[in-house]
Amino acid sequence: MKPLKEIIGYIKAKRYSYLFIAPAIIILTVFVFFPIIASLILSFTEYDAINPPVWVGLRNYITLFTQDALFWKAVINTVIYVFFVVIFGLASSFLVAMALSKKIKFSSFFRTAYFLPTVTSIAAVAVVWRWLYAGDRYGIINYVFSGLLVQNQDWLMQTATTLPAIIVMSIWSGIGYNTIILLAGLQSIPDSIYEAASIDGTSPWQRFRYVTLPMLKPILMFLIVMSIINSFQVFEQVYIMTGATEYFGGVLYSGLTIVAYLYERGFQRLMLGYASSIAYVLFGMIFIVTI
């Protein structure tokens, strides 16, 4: 009985601590933990939010992998999106951070300007970029290109340009966040290391390769992992820039991504069991790539 008394005494001693964390635990349980478990169970059922769920076992997963060509179209588009957004997004952010780390005039202004898209709603950003990509001469991009004698086109209504247009917008909107973190990392590197490397006769490229990159490795790994996770879950851009038209995901689904497809199956067609299976396949993909 002594261990039981010790446990009870420990709980009594910590009762106020549990009281303070109770609201957070309740909210997480109701809105995070329970939905995760419920969606896992629903992924093995056929459920339309009206009739009771019907247990179908692995049928949703089998159909998803063997018969659903549209799902694989969404997977290919998502992988392409992730590759370009992560590679070019981080590369662009690194160049901007390197430039802002120098002592230049109005550096504070430029840092704020680059960071503003990060604190701006992605919905507002997507709406503005949809206007930029608009067809005829209503879009700014077409208006600029018209002066270069380039034929006007609707960038979001062409199979060859829908996904690249979304990728460009996502890279632009994500530069600020990555830049600020990389800039903090660059400024944390002691100047004495660069001075020692200069005394040893190293070139700027050698200092970048053997000093800057190794010192930034933890930050780069963090940004790569977070960028991959966030890019796999892209939805708002696709929904706002293509979902408001009759072609959800773009013409011939050229801009369809996994989460957008999940939304279309689950909330437009009320195939909630099937959508839950898509969610867990996406979770598995993110988990494997992150590891």
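Look a little higher up for the structure.
Keep in mind that this is a model prediction, so the values were computed, not measured.

Scanning the protein from terminus to terminus reveals 13 helices and two strands. A compact globule built from 291 residues should have a C-alpha radius of gyration of about 19 Å, whereas the protein, at 25 Å, is more than 25% larger. The buried share of the protein, reckoned over its 291 residues, is 36%. Excluding contacts between residues fewer than 6 apart, the proportion of contacts in the protein whose partners are at least 24 apart in sequence is 66%.

Bringing the pattern of salt bridges into the picture now. Applying the stated criterion across every chain yields a total of three salt bridges. Between Arg59 and Glu46 there is a salt bridge; the shortest N-O distance is 2.3 Å. Linking Arg59 in helix H3 (residues 59–66) with Glu46 in strand S1 (residues 45–46), this pair joins segments that are 13 residues apart in sequence. Of the residues examined, Arg59 reaches a relative accessible area of 40% and is grouped as partly exposed. As a salt-bridge pair, Glu264 and Arg269 come within 2.5 Å of each other at their nearest N and O atoms. Judged by relative accessible area, Glu264 falls into the buried class, the value being 8%. Each of Glu264, Arg265 and Arg269 takes part in salt bridges that share partners, so that together they form one network.

Take the side chain of Glu264 next. Inspection of the secondary structure assignment puts Glu264 in helix H12 (residues 258–268). Each residue touching Glu264, except ones within four places of it in the same chain, is listed here: Phe248 and Arg269.

What follows is about the nonpolar core. Counting residues in each nonpolar core, the largest one holds 59 residues, and the members touching the most others are Met241, Tyr261 and Ile278. Elements with a minimum of two residues in this core: H3, helix H4 (69–100), helix H6 (122–132), helix H8 (162–187), helix H10 (204–232), helix H11 (236–243), H12 and helix H13 (272–290). Of all the elements, H4 adds the most residues to this core, at 13 residues. Excluding its chain neighbours within four sequence positions, the residues that come into contact with Ile278 are Leu64, Phe71, Ile258, Tyr261, Leu262 and Arg265.

Let us look at the packing of H8 against H11. The interhelical angle for the contact between H8 and H11, taken along N-to-C directions, is 130 degrees, at an axis separation of 11 Å. It follows from the interaxial angle that H8 and H11 lie oblique. Classified by chirality, the crossing of H11 by H8 is right-handed. Residues Thr162, Ile166, Met169 and Ser170 of H8 touch H11, and the partners they reach there are Gln237, Val238, Met241 and Thr242. Considered class by class, the residues forming the contact of H8 with H11 number four nonpolar, four polar and no charged.

What counts, and at which threshold
Residues numbered from 1 in each chain as written. Predicted model: local features only at pLDDT ≥ 70, side-chain atom pairs only at ≥ 80, totals over all residues. Heavy atoms only, no water. Helix = DSSP H or I, 4+ residues; strand = E, 2+ residues; numbered from the N terminus. Rg over C-alpha atoms; globule rule 2.2 N^0.38 Å. Buried < 20%, exposed > 50% of the residue type's maximum accessible area, 1.4 Å probe, protein only. Contact = heavy atoms within 4.5 Å. Salt bridge = Lys/Arg side-chain N within 4 Å of Asp/Glu carboxyl O. Core = buried A, V, L, I, M, F, W, Y, C linked by side-chain atoms within 4.5 Å. Axes fitted to C-alpha atoms, helices over the stretch in contact; angles between N-to-C directions. Parallel < 35°, antiparallel > 145°, perpendicular 65-115°, else oblique. Left-handed = near helix turned anticlockwise from the far one by under 90°. Nonpolar A, V, L, I, M, F, W, Y, C, P; charged D, E, K, R; others polar.

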